[in-house]
Amino acid sequence: MSATALMRGESSRRRGPALDVAVVGGGMVGAATALALARAGFATALLEARAPLPWSAQDEVDLRVVGLAPSSVALLDELDVWTSIRESRASPYAHMHVWDAATGAAIHFDAATEGRDLLGYIVENNLVQWTLWQALEHAGVRRLCPAQVKGFDVLEDRVQLELAGGEALSARLLVAADGAASPLRALAGIETQGRDYAQRGVVAHVTTERAHEGTAWQRFLETGPLALLPLADGRSSIVWSLPEAEAQRVMALGDQAFLDELGVASDFRLGRVMGSTPRAAFPLRLQLAKSYQAERFVLLGDAAHAVHPLAGQGVNLGLRDVTELRDTLVAARDAGRDIAASHVLRGYARRRRSADTLDALGFDALARIYSWQLPPLVAARGLGVRLLDRLSPIKRRLAEHAAGL
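Residues numbered from 1 in each chain as written. Predicted model: local features only at pLDDT ≥ 70, side-chain atom pairs only at ≥ 80, totals over all residues. Heavy atoms only, no water.

(A) Spatial organisation of the overall build of the chain. Across its full length, the chain carries twelve helices and 20 strands. A buried classification covers 51% of the 405 residues belonging to the chain. Here the contacts in the chain between residues at least 6 apart in sequence split such that 73% fall between residues at least 24 apart. About 18200 Å² of surface is accessible on the chain, with carbon and sulfur atoms providing 54% of the total. (Helix = DSSP H or I, 4+ residues; strand = E, 2+ residues; numbered from the N terminus. Buried < 20%, exposed > 50% of the residue type's maximum accessible area, 1.4 Å probe, protein only. Contact = heavy atoms within 4.5 Å. Areas by Shrake-Rupley, 256 points an atom, 1.4 Å probe, with all protein chains shown as cover.)

Okay, here's the thing in structure tokens:
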């Protein structure tokens, strides 16, 4: 090796990697991670196979919507993107009404009772993704798109990523936010546990005879929960969880037959269902990574946890991962520690995996309870729901937990 090359290598070692963090996955949680870390002063790159489609107010409302809890709204506000999202097309809701088809037992959450203006917002996935994507460039995030990670090597002070096409990239920390199927999680050798619900969530936007009243409605049926979520244009977004065969049957129904069956399933709570967009369906499963951390590597969002949509908390859990990771890395940097040191990442992984596991198993238990069909168990379930609706302290704590407070 020449003296020049040797000096260049030594200089490179002294400088360390050009990046602090490489985030893989440009979905909502991945983009929020890259933006949060860049705003906190970390040199950050985001790698994504495809950029999100541009969002326009003239476009049909995205079939994929999320319920953003106050904790998620607070993070997006810190990232200076919430005002744009709220003013574009977001539907606030101040009430949530949940009832059991078998017993009629119901529980109602009201923001005013909890001392808040709102319980949350229903927002299109694509609107949030596009707004975050635009903000990345202004925050100094290096966007690599299209990009695909073929493999990575963990070195003493960095992770070296091999990209499709032969390029290489290095960073102190690799963050995998590449979805429930996470190729990076597999490359890191992290296993998952969980179960397939053998269900699909049928989604569509529907027009109803009566207004949604700024309320999120959810009815638990023998086949699974049906949610009607308020949209900004006055329609409701449905998420109808059904066994595989039943989901296929419902997807194959003619338009009027679908509207009629949906009206019955919703107990005509919003009157007749008058119209619907085309339908889509997605599989439901519970999946938890056995670890959120490996050497210079962390998981977050769906790559770490996929949960049943009955509580509408999947994205909120992911955004809480983002806040925890940012705060963990900032604290390590400010204390003069290596941000990707094993003990630093273990702290993040322990806190978030514990919280996510409790939530995921709680949602799973709720799904199991509402699948009970034996009359004594159904009666006990109805009694429990009625008691819970009257026990204000417990009910308030549930609402606070869902809000991330």
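(B) The arrangement of the nonpolar core in detail. One finds Leu-47, Trp-82, Val-123, Leu-132, Leu-161, Leu-174 and Leu-329 to be the most contacted residues of the largest nonpolar core, which totals 81 residues. Counting residues per element, this core draws most heavily on helix H2 (residues 28-39), at nine residues. Beyond its immediate sequence surroundings of up to four residues, Leu-132 is in contact with Met-28, Ala-31, Ala-32, Leu-35, Leu-76 and Val-81. Membership of the second largest hydrophobic core comes to 20 residues, among which are Trp-99, Leu-228, Ala-247 and Leu-253. (Core = buried A, V, L, I, M, F, W, Y, C linked by side-chain atoms within 4.5 Å.)

(C) Region of interest: the packing of aromatic side chains. Enumeration according to the criterion identifies four aromatic pairs in this entry. When the ring of Trp-82 is compared with that of Tyr-121, the centres are 4.8 Å apart and the planes differ by 70°; the resulting orientation is edge-to-face. Placement of Trp-82 in helix H4 (residues 82-89) and of Tyr-121 in strand E7 (residues 120-124) is noted, with a sequence separation of 39 residues between them. Just as Trp-82 is buried, Tyr-121 falls in that class too. Both rings, one in Phe-152 and one in Phe-297, keep their centres 5.7 Å apart while their planes meet at 10°; by these two values the pair is stacked. Here Phe-152 is found in strand E9 (residues 149-154), whereas its partner Phe-297 is found in strand E19 (residues 297-299), with 145 residues between them in sequence. Pair check on accessibility: Phe-152 and Phe-297 agree, each one buried. Here the basic side chain of Arg-269 rests over the ring of Trp-99, its NZ or CZ set 4.1 Å away from the ring centre. Above the face of the Phe-258 ring, Arg-279 is positioned so that its terminal group lies 4.2 Å from the ring centre. (Phe/Tyr/Trp six-rings, centres within 6.5 Å; stacked < 30°, edge-to-face > 60°. Lys NZ or Arg CZ within 6 Å of the ring centre and 35° of its normal.)

(D) Local environment of helix H5 (residues 125-138). With 14 residues, H5 extends 21 Å from end C-alpha to end C-alpha; this agrees with the ideal 20 Å at 1.5 Å per step. Counted residue by residue, H5 has eleven buried out of 14 residues, so it is predominantly covered. For H5, every residue scored as buried is listed here: Asn-125, Asn-126, Leu-127, Val-128, Gln-129, Trp-130, Thr-131, Leu-132, Trp-133, Ala-135 and Leu-136. Gly-140 sits one or two residues past H5 and shows a positive phi near 85°. (Expected span 1.5 Å × (residues − 1).)

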